Structure formats: C-alpha cells, structure tokens
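Residue-level listing of the chains:
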Amino acid sequence: QIPEGARLKLFPGFMNRYLGSLNEAAVNAYGDLAKEAGVTPAELALSWCYHREHVASTIIGATTIEQLKENIGAYDIKLDDSTLEKVDLIYKKYTDPTKAYGA
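Keep in mind it's a predicted model, so treat the numbers as computed, not measured.

Points about the overall build of the protein
So, step 1. Within the protein one finds 5 helices and 0 strands.
So, step 2. Beginning at the N terminus, the succession of helices and strands in the protein can be written as α-α-α-α-α.
So, step 3. Principal-axis analysis of the C-alpha atoms gives the protein an extent of 35 × 35 × 25 Å.
So, step 4. Each of the 103 residues in the protein was classed as buried or not, and the buried ones make up 19%.
So, step 5. Sequence separation of at least 24 residues holds for 64% of the intrachain contacts in the protein that already meet a minimum separation of 6.
So, step 6. Of the roughly 7,600 Å² that the protein leaves accessible, carbon and sulfur atoms contribute 57%.
So, step 7. Between the mean site of the 11 positive side-chain charges and the mean site of the 14 negative ones, the protein shows a separation of 5 Å.

Dropping the structure here:
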C-alpha cells in the first residue's frame, strides 16, 4: 500500500528494479526498526547520519514542507545504543543489496 503523493505513485516505473529485491527487504527491515524505535524511516536514517563523525553532509529529498520539517527535526533525535546496534545488524545482513543484480 503506497501512500498518495509517494514518488512510486508520482513517477510510474520509479525504482521498479528494486521492488522484490534485497533492497526492498533492507528498506522493510529499517522501516520495521524505525517503527520499533518510535521514529519514521526518514528520521531513523537522518538521525543516524547527523550523529556520525564520518558523515560530512546529508542530502534530503523532501517534496513537502511537512517532510522538510521532519528531515530537519531528525537532527534533534538521538538514537539509543540498542537501536544503533540493530541498525548495524541490518546493515551487515544487507551490506550490498545490489549483489542480486550482479552489479
């Protein structure tokens, strides 16, 4: 169930190559973790990026003011150690989801 206004609905064919792939499984795992942590998937991803020493910048893809506020607000979210450990486990499981395509 894809929300109205989502890029997958706005742009037919957008990211079709990823649907049903390991990429989709990885996104679903991170989405489940975000829900468990009480944040949105965007907040999970951006909070992780904002608080990593080795990340110099982030690129956000907000298409609405609400998304922009969510993306900026993620800076104030600090993920706890348990959530960070789970992020690492998901990353290790899906280190390179494009391998399914021989890329």
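What follows continues from the structure just given.
So, a nonpolar patch on the surface
So, step 1. A cluster of nonpolar residues, Ile2, Leu8, Leu10, Phe11, Phe14, Met15 and Leu19, forms a patch on the protein surface that exposes about 610 Å² of accessible area.
So, step 2. Relative to the elements of secondary structure, Leu10 occurs in helix α1 (residues 7–10).

A few points about the layout of surface pockets
So, step 1. Each pocket or cavity is described by its volume, and for the largest pocket that value is around 1,900 Å³.
So, step 2. Met15, Val27, Pro41, Ala42 and Ala45 are, among the 42 residues lining the largest pocket, the residues nearest its centre.
So, step 3. Breaking the lining of the largest pocket down by element, the ones donating at least two residues are α1, α2 (22–37), α3 (41–50), α4 (65–73) and α5 (81–93).
So, step 4. No other element matches α2, which puts 8 residues into the lining of the largest pocket.

A few points about the confidence of the model for the protein
So, step 1. Counting all residues, the mean pLDDT for the protein is 87, and 91% of those residues have values of 70 or more.
So, step 2. When the elements of the protein are averaged for pLDDT, α1 gives the smallest value, 80, and α3 the largest, 96.

Some thoughts on the side chain of Thr83
So, step 1. Mapped onto the fold, Thr83 is located in helix α5.
So, step 2. Residue class for Thr83 comes out buried when judged on its relative accessible area of 8%.

Here we look at the pattern of salt bridges
So, step 1. Across all of its chains, the model carries 2 salt bridges by this definition.
So, step 2. A salt bridge links Lys9 to Glu4; its shortest N-O distance comes to 2.9 Å.
So, step 3. Among the residues examined, Lys9 registers a relative accessible area of 40% and is labelled partly exposed.
So, step 4. Residue class for Glu4 comes out exposed when judged on its relative accessible area of 67%.
So, step 5. Its salt-bridge partner being Glu36, residue Lys86 comes within 2.3 Å of it at the nearest N-O pair.

Things to note about the nonpolar core
So, step 1. Membership of the largest hydrophobic core is limited to 11 residues, which are Ala26, Ala29, Leu33, Ala34, Val39, Leu44, Leu79, Leu84, Val87, Ile90 and Tyr94.
So, step 2. Elements with a contribution of two residues or more to this core: α2 and α5.
So, step 3. The greatest single-element share of this core, amounting to 4 residues, is contributed by α2.
So, step 4. Ignoring sequence-local partners within four residues, the contact set of Ile90 consists of Ala26, Ala29, Tyr30 and Leu33.

The rules behind the values
Residues numbered from 1 in each chain as written. Predicted model: local features only at pLDDT ≥ 70, side-chain atom pairs only at ≥ 80, totals over all residues. Heavy atoms only, no water. Helix = DSSP H or I, 4+ residues; strand = E, 2+ residues; numbered from the N terminus. Buried < 20%, exposed > 50% of the residue type's maximum accessible area, 1.4 Å probe, protein only. Contact = heavy atoms within 4.5 Å. Areas by Shrake-Rupley, 256 points an atom, 1.4 Å probe, with all protein chains shown as cover. Lys, Arg positive; Asp, Glu negative; His and termini not counted. Charge placed at Lys NZ, Arg CZ, Asp CG, Glu CD. Patch = residues over 30% accessible without salt bridge, like charges linked within 9 Å, V, L, I, M, F, W, Y side chains within 5 Å. Salt bridge = Lys/Arg side-chain N within 4 Å of Asp/Glu carboxyl O. 1 Å grid on protein atoms, 1.4 Å probe; cavity = no way out; pocket = protein on both sides within 12 Å on 5 of 7 lines; lining within 4 Å. Points joined across faces, edges and corners; volume = space filled by probe spheres on them. pLDDT = per-residue confidence, 0-100. Core = buried A, V, L, I, M, F, W, Y, C linked by side-chain atoms within 4.5 Å.

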